[in-house]
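Overview (structure and organization)
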Amino acid sequence: MKLPEWYPNEAPIYDISKTYSENAEYGPFFDGPIFKRENPKQFFDFLGFPVRSKIGVPAGPLLTSKWVALAARLGFDIPTYKTIRSEAHPSHRLPNVTFVNAEGRQIKDPGPLSELTITNSFGMPSKSPEFLLEDIAKANRSLSEGQVMIVSVVGTPNRGVSFVQDFVRAAVLAKEGGAKIIEVNFSCPNVEKAEGILYQNPETVHEYTRIIAKAIHPTPLILKVGVFENDHQMKSVLLSAARGGARAICGINSVSMAVHPPLDEGRKTSGVCGGAIREKAIQFIRDASKINRDNRLGLTLIGCGGIMAPDHFDLFFEAGADVGMSATGMMWDPYLALRYHASIK
Ligand SMILES: Cc1cc2nc3c(=O)[nH]c(=O)nc-3n(C[C@H](O)[C@H](O)[C@H](O)COP(=O)(O)O)c2cc1C
């Protein structure tokens, strides 16, 4: 069966002209038919959970349980519940998403889907703990056999406890809500420096990973990272992550760039994702995979960055990824996972 085209005739399921809260409340904006998936019924192991495919959505586009439920129905077997904090937190104001080219210049026409690139800047908003406890449980209930959800969390500085202890608070909150796998975002490009570049320091990665992994034991812990400055830094951080008790690495996060014109005076740089970061992301997986193998770290590798078409997942798997995820791609083509499943014989 041929799945219908989506882009460019249909709008993305996240409406970039609306605020984050409006998208959370009224989205996802999807009214297409849901097609039966065609891949053979087989199961893979993902951090101790059986999954029907190694296709997922990374932290970001799945704002609430409604979004997770839709992604799951559309064949994304490993959806990630968007990054939550220990307390409610507002979003940056509009614009939150605009089209850019590979150099970070804002453009009107994003071109073909494979190259579609955006800058996104939300500041990691979060709902209240009361809402999250119920909504994470609801999201889990929406999954089918062979699917498992990750919950992404982040710490917030100056919350009356140390930064790492606030990571622990957010992770424990996720676990109370029923999270089966927890990811910590050590790499957001759109927040204050202290929050954004944690992942580049091997000592900090070791200390934070050890403390958080212990607090949520035996729930598997994933570290979300961005691009590294060099191989040496990547190796030191992956070794620290494994020693600290991380079970998996997810990368890459959006790439921080000076966007022209900037989104506003206060946001001279913002995170770039989609087609233009695909090569960087594949290289990241190649490098991480080699370090993982050579040093027998046993880390599961989750690749994301520019997966916009079914064959892009294969590029990540060939580079050494265990799992492939798409954020920008799934927003502009919600049938992306079903297209991938249909391509498997
Ligand atoms: C709308 C949007 C929101 C995002 N929010 C988060 C977030 O809250 N936490 C996080 O770790 N990554 C976030 N990301 C980054 C993605 O998880 C992913 O690492 C990045 O977008 C690269 O994948 P892509 O090219 O498929 O979009 C976000 C990305 C998008 C597009």
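For the structure itself, look to the data block above.
These remarks concern the structure in this document. From a predicted model like this one, the values you see are computed outputs, not experimental measurements. For every chain, the first residue of its written sequence is number 1, and the numbers climb from 1 along that sequence. For a predicted model such as this one, the threshold for reporting local features is a pLDDT of at least 70, and the threshold for listing and counting side-chain atom pairs is 80 or more; totals across whole chains, interfaces and linings nevertheless cover every residue. Hydrogen atoms and water are omitted, and side-chain values are computed over all heavy atoms in the structure.

The next point concerns the packing of aromatic side chains. Two aromatic rings from Phe, Tyr or Trp, using only the six-membered ring of Trp, form a pair when their centres are within 6.5 Å; if the ring planes differ by under 30 degrees the pair is stacked, by over 60 it is edge-to-face, and anything between is tilted. Tallying each qualifying case throughout the model produces 17 aromatic pairs. Taking 5.6 Å as the distance between ring centres and 90 degrees as the angle between the ring planes, the aromatic pair formed by W6 and Y335 counts as edge-to-face. A residue pair is termed long-range when its members are at least 10 positions apart, and W6 in the segment before α1 (20-26) and Y335 in the loop between α10 (328-332) and α11 (336-343) qualify at 329 residues. Of the two residues examined, W6 and Y335, each falls in the buried class. Ring plane angle 80 degrees and centroid distance 6.1 Å describe the contact between F163 and Y208, whose orientation is recorded as edge-to-face. In this pair, F163 sits in helix α4 (residues 163-176) while Y208 sits in helix α6 (residues 202-216), placing the two residues 45 residues apart along the sequence. Here F163 and Y208 have matching classes, each one buried. Among the aromatic residues, those joined into a ring-pair cluster are W6, F30, F35 and Y335. Look at NZ for Lys and CZ for Arg. If either is within 6 Å of the ring centre and within 35 degrees of the ring normal, a charge sits over the ring. Of note, K18 hangs over the ring of F29, and the distance from its end group to the ring centre comes to 5.4 Å. Here the basic side chain of K127 rests over the ring of F131, its NZ or CZ set 5.0 Å away from the ring centre. In this text, helices come from DSSP runs of H or I with a minimum length of four residues, and strands from runs of E with a minimum of two, each type numbered from the N-terminal end. Partly exposed describes any residue whose relative accessible area lies between the buried limit of under 20% and the exposed limit of over 50%, with all areas from a 1.4 Å probe on protein chains only and scaled to the type maximum.

Sheet strands associate in pairs through backbone hydrogen bonding, adopting either a parallel or an antiparallel arrangement. A pair of strands is considered paired only if DSSP assigns at least 2 bridges between the two. If you trace the eight strands once around the closed barrel, you get β3-β4-β7-β8-β9-β10-β13-β14, paired in parallel fashion. The sheet shows a mean angle of 25 degrees between the axes of neighbouring strands, direction not considered. Sheet analysis places strand β13 (residues 300-304) next to strand β14 (residues 323-325), joined by three bridges and oriented parallel. What sits directly across from I302, in β14, is V323. In the packing of α6 onto the sheet, contacts are made with β8 (181-185) and β9 (221-224), and the angle to β9 comes to roughly 150 degrees. All axes here are fitted lines through C-alpha atoms, helices being fitted over the stretch that makes contact, and every angle between N-to-C directions spans 0 to 180 degrees. The contact definition used throughout considers only heavy atoms, calling two residues in contact when any of these lie within 4.5 Å.

What follows deals with unusual backbone geometry. Here the amide bond leading from G27 into P28 is cis, since omega sits at -5 degrees, within 30 degrees of zero. Within the element layout of this structure, P28 appears in the loop between α1 and β1 (44-46). Looking along the chain, the bond that leaves H217 and enters P218 is cis, with omega of 5 degrees. Note that P218 resides in the loop between α6 and β9. Look at L47: it is not a glycine, yet its phi comes out positive at around 50 degrees. Even without a glycine there, the phi angle at R296 is positive, about 45 degrees. Note on placement: R296 falls in the loop between α8 (278-294) and β13. Of the residues examined, R296 reaches a relative accessible area of 78% and is grouped as exposed.

Remark: α8 packs on helix α9 (residues 310-319), axes separated minimally by 8 Å, with the N-to-C direction vectors making an angle of 25 degrees. The orientation of α8 with respect to α9, classified from their angle, is roughly parallel. The residues of α9 that touch α8, namely those facing R278, A281, I282, I285, R286 and S289, are H312, L315, F316 and A319. The class makeup of the residues in the contact of α8 with α9 is six nonpolar, two polar and two charged. Angles are sorted into four bins: roughly parallel if under 35 degrees, roughly antiparallel if over 145, roughly perpendicular if 65 to 115, and oblique for all others. Residues are grouped as follows: Ala, Val, Leu, Ile, Met, Phe, Trp, Tyr, Cys and Pro are nonpolar; Asp, Glu, Lys and Arg are charged; every other residue, Gly included, is polar.

Let us look at the pattern of salt bridges. Here, a salt bridge means any side-chain nitrogen of Lys or Arg that lies within 4 Å of a carboxyl oxygen of Asp or Glu. In this structure the tally under the stated criterion is 13 salt bridges. Among the salt bridges present, the one from E5 reaches K2, with a minimum N-O distance of 3.9 Å. Both residues of the pair, E5 and K2, belong to the exposed class. The closest approach of N and O atoms between D15 and K18, which form a salt bridge, is 2.9 Å. Exposure remark for K18: the relative accessible area of 28% places this residue in the partly exposed category.

Before going further, it helps to spend a moment on helix α2 (residues 65-73). Of the positions making up α2, those classed as buried are S65, W67, V68, L70, A71 and A72. Tucked inside the fold, the buried residues of α2 contact α1, β3 (55-57), β4 (78-84), α3 (129-141) and α10. Where α2 terminates, the next one or two residues include G75, which has phi positive at roughly 90 degrees.

Here we have four strands laid out as an open sheet, ordered β5-β6-β12-β11, and antiparallel in their pairing. The open sheet has two edge strands with one neighbour each: β5 (97-99) and β11 (255-258). The mean inter-strand angle of the sheet, taken between neighbouring strand axes irrespective of direction, is 40 degrees. Of the strand pairs in this sheet, β11 and strand β12 (residues 269-274) are connected by four bridges, and their pairing is antiparallel. Bridge assignment links A258 to a residue of β12, and that residue is T269.

Quick look at α6 now. One fewer than the residue count of a helix, multiplied by 1.5 Å, yields its expected span. An ideal rise of 1.5 Å per residue puts 21 Å on 15 residues; α6 measures up with 21 Å between its terminal C-alpha atoms. As for α6, its buried residues are in contact with α4, β8, β9 and α7 (231-244).

To continue, consider a positive patch on the surface. For patches, a residue must show more than 30% relative accessible area and have no salt bridge; joins then use 9 Å for like charges and 5 Å for nonpolar side chains, namely Val, Leu, Ile, Met, Phe, Trp and Tyr. Only the protein chains shown count as covering a residue, and every accessible area follows the Shrake-Rupley method with a 1.4 Å probe. Charge assignment in this entry is limited to Lys and Arg as positive and Asp and Glu as negative, and neither His nor the chain termini are counted. To locate a charge, the coordinates of NZ of Lys, CZ of Arg, CG of Asp or CD of Glu are taken. Taken together, K66, K127, K138 and R141 make up a surface patch of like positive charges. Relative to the elements of secondary structure, K127 occurs in the loop between β6 (117-120) and α3.

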